[in-house]
There are 2 protein chains.
Amino acid sequence: MTDFTATRARFDLPDGIVYLDGNSLGPLPRDAAHRIARTVTDEWGGQLITAWNRAGWMDQPARLGDRIARLVGAAPGTVVVGDTLSLKVTQCLAAALQLRPDRRVVLSDSGNFPSDLYMAQGLLAALGQGHELRVVAPEDVEAAIGPEVAALMLTEVDYRTGRKHDMAALTAKAHDVGALAIWDLAHSAGALPVDLTGTGADFAAGCTYKFLNGGPGAPAFVYVAPDHQHVAPLLSGWLGHEAPFAFDPDYRPGPGISRMRVGTPPVLQMAALEAALDIFDTVDMQALRARSQHLGDRLIAAVEARCPNVTLASPRDPEARGSQISFRHPEGYAVMQALIARGVVGDFRAPDILRFGITPLYIGEAEIDRAAETLADILDTAAWDRPEYKHRAAVT
Amino acid sequence: MTDFTATRARFDLPDGIVYLDGNSLGPLPRDAAHRIARTVTDEWGGQLITAWNRAGWMDQPARLGDRIARLVGAAPGTVVVGDTLSLKVTQCLAAALQLRPDRRVVLSDSGNFPSDLYMAQGLLAALGQGHELRVVAPEDVEAAIGPEVAALMLTEVDYRTGRKHDMAALTAKAHDVGALAIWDLAHSAGALPVDLTGTGADFAAGCTYKFLNGGPGAPAFVYVAPDHQHVAPLLSGWLGHEAPFAFDPDYRPGPGISRMRVGTPPVLQMAALEAALDIFDTVDMQALRARSQHLGDRLIAAVEARCPNVTLASPRDPEARGSQISFRHPEGYAVMQALIARGVVGDFRAPDILRFGITPLYIGEAEIDRAAETLADILDTAAWDRPEYKHRAAVT
């Protein structure tokens, strides 16, 4: 069993805040500040260059990868940490195209995070081999998987609506036609159980600063199924070399997942991520999922009971969504600013979506109820209708 | 004038250590620990998601880029921070090849850092357009610059020997034949004056964890000359998009250097880098260069006077080298381990090179003299000839 009171105590959250934006940036684990300070002062300051070996910095991408592997249903030695999600997705796509040299279609959907689409557009243009990025509506993906598809490239959970694809079914369909499946786990890792091995996913990547709470700018992770680890990586950097410190003039890919490494890893960010992953050591992902679904249902019920002018944008079926609940409101941006001003922190996604990320590690029924009541009051009193809430700054 | 006693006081160096490895990992700036702690606790912990705007995280890559620009002779708006050096060099190379679509040769040299060569090998293979990576000896580069060359891709200062290319002359020669020049400034930025604008360099990239002291895994920087900023970037991520938070399905490159951004920047690493760059605000790069050359000359003289079995691997002419002095010794690995055991920290590069990085910000004559005396004593007494010094771990 997972003790969610205990996990709540392991985060340093500001007093009076209901934080429902852990799907964008997870909060600070209490241990992270100490862990980072130790890395800065004792390791960087005290051990200097020798910390690469003495403090284990060099192997940290593999160690953290193995810890994330457990959370996404992957075997040890199949996940490594580094770079950013955009880059790791691109490595996955390039590898998949190498494995399907006679096919020219990359299939994705309009619910994918735009950066995945942008990176694919850039890669396909650079390759200059006539590949097509075919983007269909999320509900049309299954029917669009045909024998011309080299790679299916999807984000499991839609960043706007929380709609969750059926990873097992779509991967199976892809394999039926000889295509490969690449899964972006940005809104899955740490949010719900993922079974990369069981579903037969070929490649996956995710970020660690959302539900994994690794901190702002925390590195990404990448998964390559054991059968595909022989592929030569795009972005063939020295730390993916078989012997980085031999300084050979020619690239020879390192063993297994190590070849997906590129350059020098972000040591300070990895220290924060390590502290964040410690919390997950105490968490059963099935228990987390059950609690997330319960809290999501509760938020939907409370909002629908009290807020007639918002409409649910997320699937009502808890099995069909990730760990966020989204609503639409025509003045969504201003409404969210009013919520934030009252200490209920979600976020807004154009054109009209209010997003509420639900992380049971630190969110419970009291927070859900307060969020719904605050939203209802703001709408009842039109408290959002103020110029300062309508002025749009850049938002994340 | 630069006060090097004052700059020395701004680093947190362990007692009793002579640190001559700042060319691999610069030491901890005293202010960095506080700056990082503030970013972790007050910004991440206290401001959560709102820190992306309130604490200025989102614009930090551009702000830090402009500060680095001053140190490498570049104009504001031409440098941005992010990712790793291997990735930024690759973006430069891809851009250069776009600008020279009818040419098929990338010219580099055997003194280039291997990761640059690996990344180029990978990129050229992925492009599949018959490009050749032509690698010549450093002294043969100038003669090899011909009209078939699309891009000259060099590291200004050789990571093993410290030999410095003539950036102005080689860039001019490249331009004479219609080629573009890409400079890797890994061992230049913060080590010596660089004049990207004056030399007419087309592209450049560098890392910030060496002479700039940005910390382990600090992000890289990339420079694109104003005339080339229209080129579509390889690695077209969302933060290089014209309007990242519009979440358009199609990539449209952002203005100027911003399009070289890819994914979410490493906020904790950037906090450390910011503190490190504060020190450079007090530094005149010409004064730093003069002192570096003086200290290098002094190390060469002292070692040559007392250590008959080591040979100088760096250029004797201080104008022809960067800010490191390298020597060769057949038992170089063991000798370096013995030096480190006595508190003189340089590093080893295969097959036989002892490297000593010289950073006048915290190294003076006393440290140089102690390093030379310690080396002499180790060689005089064969103190290196112990099994524990000969056993090779991974080294950076």
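How each quantity is defined
Residues numbered from 1 in each chain as written. Chains lettered and ligands numbered in written order. Predicted model: local features only at pLDDT ≥ 70, side-chain atom pairs only at ≥ 80, totals over all residues. Heavy atoms only, no water. UniProt positions renumbered as here; feature names shortened; annotations may be inferred. Contact = heavy atoms within 4.5 Å. Buried area = accessible area lost by both parts, 1.4 Å probe. Salt bridge = Lys/Arg side-chain N within 4 Å of Asp/Glu carboxyl O. Polar contact = N/O pair within 3.5 Å; in protein donor to acceptor, adjacent residues only side chain to side chain. Helix = DSSP H or I, 4+ residues; strand = E, 2+ residues; numbered from the N terminus. Nonpolar A, V, L, I, M, F, W, Y, C, P; charged D, E, K, R; others polar. Pairing = 2+ DSSP bridges. Axes fitted to C-alpha atoms, helices over the stretch in contact; angles between N-to-C directions.

Looking at an unreviewed UniProt entry, one finds chain A named Kynureninase, with Psychromarinibacter halotolerans as its source organism. For the record of chain A, the UniProt heading Subunit (unreviewed entry) holds the text "Homodimer." According to its UniProt record, chain A has this under Cofactor (unreviewed entry): "pyridoxal 5'-phosphate".

J.: Outline the interface of chain A and chain B, supporting the account with residue identities and numerical values.
T.: Contact residues are listed per partner, giving 74 residues for chain A and 74 residues for chain B. Between chain A and chain B, roughly 6,200 Å² of surface is buried when both sides are summed, and carbon and sulfur atoms account for 71% of that area. The interface formed by chain A and chain B holds 0 salt bridges in total. Across the chain A-chain B interface, the total number found is 27 residue pairs in polar contact (both at pLDDT 80 or more). Counting only elements with at least two residues in the side of chain A that touches chain B, the list comes to α2 (30-47), α3 (51-54), α5 (85-99), α6 (114-127) and α10 (267-280) of chain A. Sort the elements by how many residues they give to the side of chain A that touches chain B and α6(A) lands first, with 9 residues. Of the residues contributing to the side of chain A that touches chain B, the split by class is 45 nonpolar, 23 polar and 6 charged.

J.: Now, about the sheet that holds strand β6 (residues 180-184) of chain A: what can you tell me, with residues and values included?
T.: Residue and element names in this part refer to chain A. Ordered by their spatial adjacency, 7 strands build an open sheet running β2-β8-β7-β6-β5-β3-β4, and the pairing between neighbours is mixed. Since the sheet does not close on itself, it has two edges, and those belong to β2 (79-82) and β4 (132-136), each with one partner. Along the sheet, successive strands turn relative to each other by an average axial angle of 20°, direction set aside. Pairing analysis gives 3 bridges linking β6 to strand β7 (residues 203-207), with the strands arranged parallel. Residue D184 lies in a different strand from β7, and its bridge partner there is A205. Across the sheet, helix α4 (residues 60-71) touches β2 and β8 (220-224), and the angle it forms with β2 is around 125°.

J.: An account of the sheet that holds strand β14 (residues 347-349) of chain B is requested, with residue identities and associated values reported.
T.: Residues and elements named next belong to chain B. Spatially, β11-β12-β15-β14 is the arrangement adopted by the 4 strands of the open sheet, whose pairing is antiparallel. The two strands at the open ends of the sheet, each matched to only one other strand, are β11 (311-312) and β14. The pairing of β11 with strand β12 (residues 324-328) spans 2 bridges and is antiparallel. Looking at the pairing, L312 lines up with F327 of β12. Sheet strands touched by helix α11 (residues 285-306): β11, β12 and β15 (353-357). Its angle to β12, the strand with the most contacts, is close to 20°. Packed on one face of the sheet, helix α12 (residues 332-341) meets β14 and β15 and runs near 40° to β15.

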